[in-house]
Amino acid sequence: MVHYMKYRGYWSLARTMAELINRLVSRPANSAVLVPVPLGQRRLRQRGYNQAAEIAGALADLWGMPLALDVLKRTRETKTQTKLTPEERTENVSGAFTAAARLQCRAEVILVDDVLTTGATLVAAAGALVEVGWADVTALTFARAMPLAVQIERA
């Protein structure tokens, strides 16, 4: 599902993904704000949408929560992470985000992305948020990628 949304233009799958998340995750507190992991401008132009923002927007509708598209910004383009090692992923996204100061009356950020692989992107994004005063940052992803060896061991 993520592959179709991310690489084949099926952005409308975000609603289905949000509905599946909603079945598994309790609605966060009223003081939370949903913040999608931003794409670089080049990738956003190529794709035409940010898959994390689409999922976060659908969740905001379902949960009746605010969506903050301007809290987190990508400061530079990064290489696609698909073929990078965990160490290369961490280096690739290091310093790639900046954040706006905490919004009044909003204590918690729910950082939304499509897939958790090594966590490098989420750690870098959360770090930028914490740096400017968001003390309570939770990550929420639709999927978690696992190395092939782990999948084989569990089969």
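Just above sits the structure.
Residues numbered from 1 in each chain as written. Predicted model: local features only at pLDDT ≥ 70, side-chain atom pairs only at ≥ 80, totals over all residues. Heavy atoms only, no water.

Draft legend 1. Highlighting the pairing of strand β1 (residues 32-36). A large share of β1 lies buried, amounting to five of its five residues. Here β1 shows two buried faces, one formed by Ala32, Leu34 and Pro36 and the other by Val33 and Val35. Pairing geometry for β1 and strand β4 (residues 108-116), over five bridges, is parallel. From the neighbouring strand, Val33 faces β4, where its bridge partner is Val109. (Buried < 20%, exposed > 50% of the residue type's maximum accessible area, 1.4 Å probe, protein only. Helix = DSSP H or I, 4+ residues; strand = E, 2+ residues; numbered from the N terminus. Pairing = 2+ DSSP bridges.)

Draft legend 2. Broad picture of helix α6 (residues 120-131). Here α6 is twelve residues long and its end C-alpha atoms lie 16 Å apart, about the 16 Å a rise of 1.5 Å per residue gives. Of the surrounding elements, those touching the buried residues of α6 are β2 (72-74), α5 (86-93), β3 (97-99), β4 and β5 (136-144). Downstream of α6 by a residue or two, Gly133 has a phi angle that is positive, lying close to 115 degrees. (Expected span 1.5 Å × (residues − 1). Contact = heavy atoms within 4.5 Å.)

Draft legend 3. The arrangement of the packing of α5 against α6 in detail. One can describe the packing of α5 onto α6 by two numbers: an axis separation of 8 Å at closest approach and a directional angle of 30 degrees. In terms of their interaxial angle, α5 and α6 are classed as roughly parallel. For the element pair α5 and α6, the recorded crossing hand is right-handed. Of α6, the residues touching α5 (which contributes Arg89, Thr90 and Val93) are Ala120, Thr121 and Ala124. Partitioning the contact of α5 with α6 into residue classes produces three nonpolar, two polar and one charged. (Axes fitted to C-alpha atoms, helices over the stretch in contact; angles between N-to-C directions. Parallel < 35°, antiparallel > 145°, perpendicular 65-115°, else oblique. Left-handed = near helix turned anticlockwise from the far one by under 90°. Nonpolar A, V, L, I, M, F, W, Y, C, P; charged D, E, K, R; others polar.)

Draft legend 4. Just the packing of helix α2 (residues 13-24) against helix α4 (residues 51-63), in detail. The interhelical angle for the contact between α2 and α4, taken along N-to-C directions, is 55 degrees, at an axis separation of 8 Å. Compared by their axis directions, α2 and α4 come out oblique. Note that α2 runs across α4; the crossing there is right-handed. Between α2 and α4, the residues in contact are Ala14, Arg15, Met17, Ala18, Glu19, Ile21 and Asn22 and Glu54, Ile55, Ala58, Leu59, Asp61, Leu62 and Trp63, respectively. When the residues that make up the contact of α2 with α4 are grouped by side-chain class, the tally is nine nonpolar, one polar and four charged.

Draft legend 5. The arrangement of the sheet that holds β5 in detail. Read from one edge to the other, the open sheet built from three strands follows the order β1-β4-β5, with strand pairing classed as parallel. Edge positions in the sheet fall to β1 and β5, since each of these pairs with one other strand and no more. Across the sheet, the axes of successive neighbouring strands diverge by a mean angle of 30 degrees, strand direction being ignored. Pairing of β4 with β5 involves eight bridges; the strand directions are parallel.

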